[in-house]
Amino acid sequence: MSFSSQRGPFPQTRMRRLRANAFARDLVRENQLTPADLIFPVFVLEGSGEREAIPSMPGIQRLSADLLVEQAKELHSLGVPALALFPVVGSDKKSLMAEEAYNPDGLVQRTVKTLKDALPELGIITDVALDPFTTHGQDGIIDEAAYVLNDVTTEVLVKQALSHAAAGADVVAPSDMMDGRIGAIRSALEEQAHPNTLIMAYAAKYASSYYGPFRDAVGSASNIKGGNKFSYQMDPANSDEALHECALDLQEGADMIMVKPGMPYLDIARRVKDELKAPTFAYQVSGEYAMHQAAFEQGWLEREPVMLESLLAFKRAGCNGILTYFALEAARALQ
């Protein structure tokens, strides 16, 4: 162990002295959770005045853009700096080549414009991935054997990222895990006069079993039909590999890197932050949220303190920010 305490033995040192009073605990607290640490993932629907509950994610709704603007105004007023936008598109918009992903008049592109017109100071992060737009629910273009093709997919992702930047997105967030896509997107953004569009790379995204409720939310669960994403998302058993993935994305031009899922992978977030010293984010994913909600509903855990403790754990692990479905509720609690 590299740590060597400089303190004397008991009773010269009583670690509990600094815990005895609230003022002392406040003075020496190592990490602080604030609304500015939170990013709220939201699901947008077509139409106006539309609102749909998500049974596997109690408290989270799919909203049409007009209702999303009202929610975004509250987020902004509470000090939450950004939201992450995920589209819910109908089956008529899905295809093998995911052409709707880069439609300049698509749902995401129109929603970005609506949000930026209403709240120009609120950061808008868009998901760069094809799974909401493919008939098979995979994050890329597939061949005859259903293998996701890396380079062909990257070409489509570049078009998608450019369409988001043109619509006014502040941050594009490739979540697909294709090799080389960050460099391709960064080069295209530079060439197309979007030099200040940030890239938040889902750099260490694991092939996790915690994503189920999210797939329900965006409507891709029925498309993937029991398939998996093992050929491109990371093996949950691997840790060193995450450092390589994150380092490569930074070298290719990512401004921020993300670890996903969150709490089960805080060891990865800590390693990434310690080794690479880059802005590091993590995603408290839908399965984590659903588990907490189930425990709250049963009365097995106390809602607010457990919610806030779970988020503070991300800060302790070195995360600069947290994507969480608790963002709105937590921001209210932190006022």
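Each chain has its residues counted from 1, running along the sequence as written. A pLDDT threshold of at least 70 governs which residues receive local features in this predicted model, and a stricter bar of 80 or more applies before side-chain atom pairs are shown or counted, although totals over entire chains, interfaces and linings include all residues. To obtain the side-chain values, all non-hydrogen atoms of the structure were included, while hydrogens and water were left out.

J.: What am I meant to see in helix H10 (residues 286-298) here?
T.: By definition, any uninterrupted DSSP run of H or I lasting at least four residues is a helix, any uninterrupted run of E lasting at least two residues is a strand, and each is numbered from the N terminus. By definition here, a helix of n residues has an expected span of 1.5 Å times n minus one. Its 13 residues give H10 an end-to-end C-alpha distance of 18 Å, which sits within 8% of 18 Å, the value for a rise of 1.5 Å per residue. Listed in full, the buried residues belonging to H10 are Ser286, Gly287, Glu288, Tyr289, Ala290, His292, Gln293, Ala295 and Phe296. Among the residues trailing H10, Gly299 stands out with phi positive, at a value near 80 degrees. Relative accessibility decides the category of a residue: with a 1.4 Å probe and only protein chains considered, values under 20% of the type maximum give buried, values over 50% give exposed, and everything between is partly exposed.

J.: Can you walk me through a positive patch on the surface in this structure?
T.: A contiguous patch of positive charge, built from Arg14, Arg16, Arg17 and Arg19, is present on the exposed surface. Following the sequence through the fold, Arg14 ends up in the segment before helix H1 (22-28). Candidates for patches are residues over 30% relative accessible area with no salt bridge; among them, like charges are joined within 9 Å and nonpolar side chains (Val, Leu, Ile, Met, Phe, Trp, Tyr) within 5 Å. In this description, accessible areas are obtained by the Shrake-Rupley approach with a 1.4 Å probe, and a residue is regarded as covered only by the protein chains that are shown. Between Lys or Arg on one side and Asp or Glu on the other, a salt bridge is scored when a side-chain nitrogen of the former is within 4 Å of a carboxyl oxygen of the latter. His is not counted here, nor are the chain ends, while Lys and Arg score as positive and Asp and Glu score as negative. Taken as the charge centre is NZ of Lys, CZ of Arg, CG of Asp or CD of Glu, depending on the residue.

J.: Help me out: how do you make sense of the side chain of Ser163 in this one?
T.: If you trace the backbone, Ser163 turns up in helix H4 (residues 150-167). For this analysis, a polar contact is any N or O atom pair within 3.5 Å, provided that within protein one partner can donate a hydrogen and the other can accept it, and provided that sequence-adjacent residues contribute only side-chain to side-chain pairs. A polar side-chain atom of Ser163 sits 2.9 Å from a polar atom in the side chain of Gln109. It only takes one pair of heavy atoms within 4.5 Å for two residues to be counted as in contact. Not counting chain neighbours up to four residues away, the residues in contact with Ser163 comprise Ala101, Tyr102 and Gln109.

J.: How should the pattern of salt bridges be read in this particular structure?
T.: In total, this model carries 17 salt bridges according to the counting rule given. The salt bridge involving Lys315 is made with Asp37; its shortest N-O contact spans 3.0 Å. Here the residue Lys315 occupies a position in helix H11 (residues 303-316), and Asp37 occupies one in the loop between H1 and strand E1 (38-45), the gap between them amounting to 278 residues. Salt bridges sharing common partners tie together Asp131, Asp139, Lys205 and Lys229.

J.: How do you make sense of the packing of H10 against H11 when you look at a structure like this?
T.: Angle between the axes and distance between the axes are the two parameters that describe a pair of packed helices. Interaxial angle, 0 to 180 degrees, is taken between N-to-C directions of lines fitted to C-alpha atoms, where a helix line uses only the stretch in contact. Following both chains from N to C, one finds H10 and H11 inclined at 155 degrees, their axes separated by 10 Å at the closest point. By the angle class used here, H10 and H11 are roughly antiparallel. Considering how the two elements wind past one another, H10 and H11 form a crossing that is right-handed. Every residue of H11 that contacts H10 at Glu288, His292, Gln293 and Phe296 is listed here: Arg303, Val306, Met307, Ser310 and Phe314. Class assignment of the residues belonging to the contact of H10 with H11 gives a composition of 4 nonpolar, 3 polar and 2 charged. Here the word oblique covers every angle except those under 35 degrees (roughly parallel), over 145 (roughly antiparallel) and from 65 to 115 (roughly perpendicular). Should the near helix be turned counterclockwise from the far one by less than a right angle, the crossing is left-handed, whereas a clockwise turn marks it as right-handed. When residues are sorted by character, Ala, Val, Leu, Ile, Met, Phe, Trp, Tyr, Cys and Pro go into the nonpolar class, Asp, Glu, Lys and Arg into the charged class, and all the rest, Gly among them, into the polar class.

J.: Even after reading the chapter, I still don't get the pairing of strand E6 (residues 171-174), so can you show me in this structure?
T.: Within a regular strand, side chains alternate between the sheet's two faces. Neither face of E6 is exposed, since Val171 and Ala173 on one face and Val172 and Pro174 on the opposite face are all buried. The sheet contact formed by strand E5 (residues 123-128) and E6 spans 4 bridges and is parallel. Bridging from a neighbouring strand, Asp127 pairs with Ala173 of E6. Traced from E5 through H4 to E6, the parallel crossover comes out right-handed. Every crossover in which the path from the first strand over the helix to the second runs clockwise, viewed with the strands pointing away from the viewer, is termed right-handed. With helix H5 (residues 181-191) bridging E6 and its parallel neighbour strand E7 (residues 198-205), the resulting β-α-β unit is right-handed. Should DSSP find at least two bridges between two strands, the strands are regarded as paired.

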